[in-house]
Amino acid sequence: MKKQKSAAKSALIIAGISLCFLLIALLACYFCTASFYAEHFFPGTVLNGVSVDKMTVEEAEDKVAQEVADYIFNIETRDGDKYQIIGPDIDYTYVPGSEISDILQLQDHYSWISGRKGKKEMDLEVSATYNKQKLDKMVAQLPCFQSDYIQKPKDAYLRETDKGYELVKAEAGNQIRLEDVQKLARKAVSMGEEKLELTDDVYEEPKVKSNDKTLKKALKNINAYLHTTIKYDVGEKGEVLDSTRIKEWLTIGADYSVTLDESKVTSYIQYLASKYNTYGDVRVFKTSLGDKVKIGGGDYGWVIDKEKEKAQLLKEIKSGETIKREPVFNQTAEVKSETYDIGNTYVEVDYTNQHMYFYENGKLKLESDIVTGNISRNNGSPDGVYKIVYKQRDATLVGETYASDVDYFMVFAYNVGFHDASWRSEFGQEIYKTSGSHGCINMPGAKAEKLYQILPTGTPVIAYYREPVELTAENARISNAYSYVKKEQS
């Protein structure tokens, strides 16, 4: 029994001793492993994407240095072009520091049992050196900085078209400021960054953009002029003033200011007057006898008021609208024509044959023999194209040597008109050559009365001689007679 107890006791002692040795062995293993991780990184440790699993500081630095040696710097333009600069080309070299050692020091190596589990990623501020001059050179050699690649920005501007002007939009181009990119690249590489995306900040921009207020205002002003159309109701076919002519009147300054050359507007008004004024023009007139005579002078015809027309045109030309109107006239005629504006209601006076005719709408309403101005005494009646200025009953005609009462007086030239002549018993023939009037057209009383009743004020009067005459009287001068000849001073 004693032997059994002694054996059991010995077994317990041995087991205890064995357990002690096991614990000592385990503790020795723990501290030995802890000692290992005091100089090595835990498994799963990653620095800046580089696995340093169970590596010493020196080994980790070598591994990081190798990664640094493989450094690639990427540059991407706003157009999506991508370029790379590799570390060796710029002498990119890792510079060991205390960062890796400091990280290891912070590692609790006594917690190696739990520390061995999982992935432990840490960012590391890697110190590296590079050659700035080589980096600047490599950036400058990128394709995006070469002349055949560069498209300079283009300013927005106004372009003339067939219909006016249009806004040509600005073009951004792709011209990059080299010095700005070099500066950004140096900063990025110094910080160990691997990518630089170029933004609008480093690109040259158009000086004048498409939304430029001055440009838009100028376009509005110019097209206001050029979209204006004046359709003149004048002459036989009319006249149109549009952008074709107006654009020649505009001056567009370097700052897109719009100036209208008023002298050219004045010239245009003169053109209208020269083309459509018929005052005093020579007209081909078909007589009642069937032949044709040429007669000019007088005061009948279209006359454009140039000053008022210019003022109205300058006001309308900026409207941008289509306007239909007549020119501003200070005198009008019966028919809108540049060549024959008399119409078919008129009085015809044939001085040579001493006969007059009144036509209304092309139909002969009245004719009569007459006696006109005394040619032999330089009182020849004024020839030309006139109009009835006014009519008067019971008038007294007064001259230097006479005063005559008449019942009907129808004036068409200066102090010259149709009237009854009760003092005459004969009319027509060649009485006017030696015993004619002081310039008026004498008519039989009944004929004068009838004419007075049916003749409207404003009716054209065509008075002509069939043979050459020279009129020197004052009324011929003032009346702009066709055959007026200025007296020579003796």
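It should be noted that the structure appears before, not after, this text.
Residues numbered from 1 in each chain as written. Predicted model: local features only at pLDDT ≥ 70, side-chain atom pairs only at ≥ 80, totals over all residues. Heavy atoms only, no water.

A. Structural context of the overall build of the protein chain. For the protein chain, the helix and strand inventory stands at 13 helices and 28 strands. Against the compact-globule benchmark of 23 Å for 490 residues, the protein chain has a radius of gyration of 57 Å, which places it well outside the compact range. When its C-alpha atoms are laid out on the principal axes, the protein chain stretches across 200 × 60 × 40 Å. Expressed as a percentage of the 490 residues in the protein chain, the buried residues total 40%. Contacts in the protein chain between residues at least 24 apart in sequence constitute 67% of all its contacts with a sequence separation of at least 6. When the accessible area of the protein chain is evaluated, it comes to approximately 27,900 Å², of which 49% is carbon and sulfur surface. Here the protein chain contributes 63 positive and 74 negative side-chain charges, whose respective centroids are spaced 5 Å apart. (Helix = DSSP H or I, 4+ residues; strand = E, 2+ residues; numbered from the N terminus. Rg over C-alpha atoms; globule rule 2.2 N^0.38 Å. Buried < 20%, exposed > 50% of the residue type's maximum accessible area, 1.4 Å probe, protein only. Contact = heavy atoms within 4.5 Å. Areas by Shrake-Rupley, 256 points an atom, 1.4 Å probe, with all protein chains shown as cover. Lys, Arg positive; Asp, Glu negative; His and termini not counted. Charge placed at Lys NZ, Arg CZ, Asp CG, Glu CD.)

B. Structural detail: the pattern of salt bridges. Scanning the model with the defined rule gives 22 salt bridges in all. Residue Glu-76 is joined to Lys-195 by a salt bridge in which the shortest nitrogen-to-oxygen separation is 3.3 Å. Here Glu-76 is found in strand 3 (residues 72-76), whereas its partner Lys-195 is found in strand 10 (residues 195-197), with 119 residues between them in sequence. A residue is classified by how much of its surface remains accessible, and Glu-76, at 18% relative accessible area, is buried. Here Glu-121 ties to Lys-119 by a salt bridge, and the two come within 3.5 Å at their closest N and O atoms. Accessibility assignment for this pair places Glu-121 and Lys-119 in one class, exposed. Through salt bridges with shared partners, a single ionic network connects Glu-76, Lys-195 and Glu-197. (Salt bridge = Lys/Arg side-chain N within 4 Å of Asp/Glu carboxyl O.)

C. Spatial organisation of the side chain of Ser-483. Following the sequence through the fold, Ser-483 ends up in the segment after helix 13 (474-478). Owing to a relative accessible area of 12%, Ser-483 belongs among the buried residues under this scheme.

D. Fine view of helix 3 (residues 99-106). Within the span of helix 3, buried status applies to Ile-100, Ile-103 and Leu-104. Seen end-on, helix 3 carries its buried residues on one side only, within an arc spanning 100°. For helix 3, the exposed residues lying more than 90 degrees away from the buried face are Gln-105 and Leu-106. (Arc of directions from axis to C-beta.)

E. How the structure looks around unusual backbone geometry. Of note in this structure, Asn-361 is not a glycine but carries a positive phi near 55°. With respect to the helices and strands, the residue Asn-361 is situated in the loop between strand 21 (355-360) and strand 22 (363-369). Not every positive phi belongs to a glycine, and Gln-429 is a case in point at roughly 55°. Among the structural elements, Gln-429 can be located in the loop between strand 26 (416-420) and helix 11 (431-435). On the basis of relative accessible area, Gln-429 is assigned to the exposed category, the value being 59%.

F. Focus on the side chain of His-40. Following the sequence through the fold, His-40 ends up in the loop between helix 1 (2-37) and strand 1 (45-47). If we ignore the near neighbours within four places in the chain, the residues touching His-40 are Lys-54, Met-55, Thr-56, Leu-104 and Gln-107.

G. View of the sheet that holds strand 28 (residues 460-464). Across the sheet, 5 strands lie side by side as 22-21-20-28-23; this open sheet has mixed pairing. Strands with a single pairing partner mark the edges of an open sheet, and in this sheet they are strand 22 and strand 23 (384-387). This sheet shows a mean twist of 20° between the axes of neighbouring strands, independent of strand direction. Both strand 23 and strand 28 contribute to a ladder of 4 bridges, which runs antiparallel. By the bridge assignment, Val-385 is partnered in strand 28 with Ile-462. With respect to the sheet, helix 12 (residues 445-454) is in contact with strand 21 and strand 22, its orientation differing from that of strand 22 by roughly 150°. (Pairing = 2+ DSSP bridges. Axes fitted to C-alpha atoms, helices over the stretch in contact; angles between N-to-C directions.)

By themselves, these are just geometric observations and shouldn't be taken as functional.
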